[in-house]
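If you want the building blocks of each chain, they are given just below.
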Amino acid sequence: YKYSWIYHAVAQGPSGLNVTFYNGQLSRGFSWWTEDGDGFETKLYLSETPFKDEDLSKAKLSKSNIGGDHIEGIYLIEGKTCAIPDNTRWGRIFSIEYLNHTVFAEGLILDQQYYYAVGGNGEFSFGEFETENDLKTVVVNFSDFQTNDGTKLSWGSKTLNAAIGASNLNIDFFAFGGDFTSTFTIGKQSFNHYLGWIKSRDSIARQINSTPLVMAPGNHDATDDLF
């Protein structure tokens with residue numbers, strides 16, 4: 001079995017983080033993955049000023065809809081977790097589940113800089129984004145990473161960096177046309193695996209953690225296997 005292709009573990013902290021529009025420009029949806037763990041938390045910390053790990057204990061629990069008001073201090077918004085088994089490993093090496101975490105914020109303010117942290121159980125990823133208000137919309141479109149092993153991860157990052165450099169403008173969002181994943185085989189069975197999806201997003205994390213990524217599934221992503 002070609003486990004050298006797929007045996008790359010997901011960290012306990014957020015992996016494959018994606019930030020996108022949830023319900024229009026004045027909202028954001030966040031999703032990430034972790035390996036299975038007991039009682040794992042799904043949390044979003046949101047503020048209008050920068051903050052650090054030691055500031056998280058000061059956050060106050062808030063609803064997902066901010067209501068168009070300014071944030072005073074740090075808001076804590078709780079999300080949902082979904083466990084997904086990896087049946088390519090069952091009965092072969094060991095059984096494992098991955099956790100997909102999702103949380104969203106609505107009712108943000110136009111022309112406002114926001115700072116965030118996502119994660120849980122003491123492991124967090126930090127970032128920032130801005131709800132811009134201008135008359136020009138700049139979109140970078142790319143597609144077809146088709147990741148099934150580590151050698152392809154750098155392709156997407158290089159492509160995206162080239163597009164960012166060529167535009168020389170503030171990018172409002174990235175549009176991905178499909179096929180983050182690709183097919184690999186175990187014995188005579190073919191799989192499309194969400195680990196390719198997770199690792200592809202990790203490879204472009206620096207660019208997409210502050211700029212929304214809007215996606216459509218490709219034929220590889222839409223197969224009825226593991227993705």
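Please refer to the structure higher up on the page.
**What about the overall build of the chain?**
No. 1: Assigned secondary structure in the chain consists of four helices and 14 strands.
No. 2: Within the chain, counting contacts between residues at least 6 apart in sequence, those at least 24 apart form 71% of the total.
No. 3: Here the chain displays about 11100 Å² of accessible surface, and carbon together with sulfur accounts for 49% of that area.

**A few points about the pattern of salt bridges**
No. 1: Considering all chains together, one arrives at two salt bridges under this definition.
No. 2: Salt-bridge contacts for Lys43 lead to Glu41; the nearest nitrogen and oxygen are separated by 3.7 Å.
No. 3: Look at Lys43 and you get buried, because its relative accessible area is 16%.
No. 4: A relative accessible area of 31% means that Glu41 is categorised as partly exposed.
No. 5: Two residues, Lys58 and Asp55, come together in a salt bridge whose shortest N-O distance is 3.6 Å.
No. 6: Classification of Asp55 as buried rests on a relative accessible area of 19%.

**Things to note about the layout of surface pockets**
No. 1: Taken as a whole, the largest pocket holds about 480 Å³ of empty space.
No. 2: Those elements that place two or more of their residues in the lining of the largest pocket are strand 9 (123-131), strand 11 (173-176) and helix 4 (205-208).
No. 3: Per-element accounting of the lining of the largest pocket gives the leading share, three residues, to strand 9.

What counts as what
Residues numbered from 1 in each chain as written. Predicted model: local features only at pLDDT ≥ 70, side-chain atom pairs only at ≥ 80, totals over all residues. Heavy atoms only, no water. Helix = DSSP H or I, 4+ residues; strand = E, 2+ residues; numbered from the N terminus. Contact = heavy atoms within 4.5 Å. Areas by Shrake-Rupley, 256 points an atom, 1.4 Å probe, with all protein chains shown as cover. Salt bridge = Lys/Arg side-chain N within 4 Å of Asp/Glu carboxyl O. Buried < 20%, exposed > 50% of the residue type's maximum accessible area, 1.4 Å probe, protein only. 1 Å grid on protein atoms, 1.4 Å probe; cavity = no way out; pocket = protein on both sides within 12 Å on 5 of 7 lines; lining within 4 Å. Points joined across faces, edges and corners; volume = space filled by probe spheres on them.

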